[in-house]
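Residue-level listing of the chains:
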Amino acid sequence: MSDNCCCSDEMYEVLTVGSDVPDFKVDTFNPATGEFGEFDYARIRAEKKWLIVFFYPGDFTFVCSTELTALGEQYDRLKSMGAEVLAVSTD
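Residues numbered from 1 in each chain as written. Predicted model: local features only at pLDDT ≥ 70, side-chain atom pairs only at ≥ 80, totals over all residues. Heavy atoms only, no water.

K.L.:
Any chance you could break down the pattern of salt bridges for me, citing the residues and the numbers?
P.N.:
Following the criterion strictly, the structure yields four salt bridges and no others. Here Glu47 ties to Lys49 by a salt bridge, and the two come within 3.3 Å at their closest N and O atoms. On the basis of relative accessible area, Glu47 is assigned to the partly exposed category, the value being 38%. The partly exposed category is assigned to Lys49, whose relative accessible area is 30%. (Salt bridge = Lys/Arg side-chain N within 4 Å of Asp/Glu carboxyl O. Buried < 20%, exposed > 50% of the residue type's maximum accessible area, 1.4 Å probe, protein only.)

K.L.:
Account for the environment of Lys79, with residues named and values stated.
P.N.:
Here Lys79 lies in helix α2 (residues 62-80). Of the residues examined, Lys79 reaches a relative accessible area of 36% and is grouped as partly exposed. When sequence neighbours within four positions are dropped, the list of residues in contact with Lys79 reads Lys49 and Glu84. (Helix = DSSP H or I, 4+ residues; strand = E, 2+ residues; numbered from the N terminus. Contact = heavy atoms within 4.5 Å.)

This is the structure we're talking about:
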């Protein structure tokens, strides 16, 4: 495990295609409102929504201005189809 990681190995679960994702909560930042909050997967599941988790390589890289912009442009469309999007930086 990396010295920069704050989590223990016991917190990780291997998921494969077709696996159920366990409920989880994470702190979030909503760029549309400029506010911090909490994402609760149990709420998304209870609302019977799809969850799209989008991992990107790092903040303030060329990816931010391309893939994130494209994803943001599709956000309303994805929401109208019953999906919520969670973008996660790997840094």
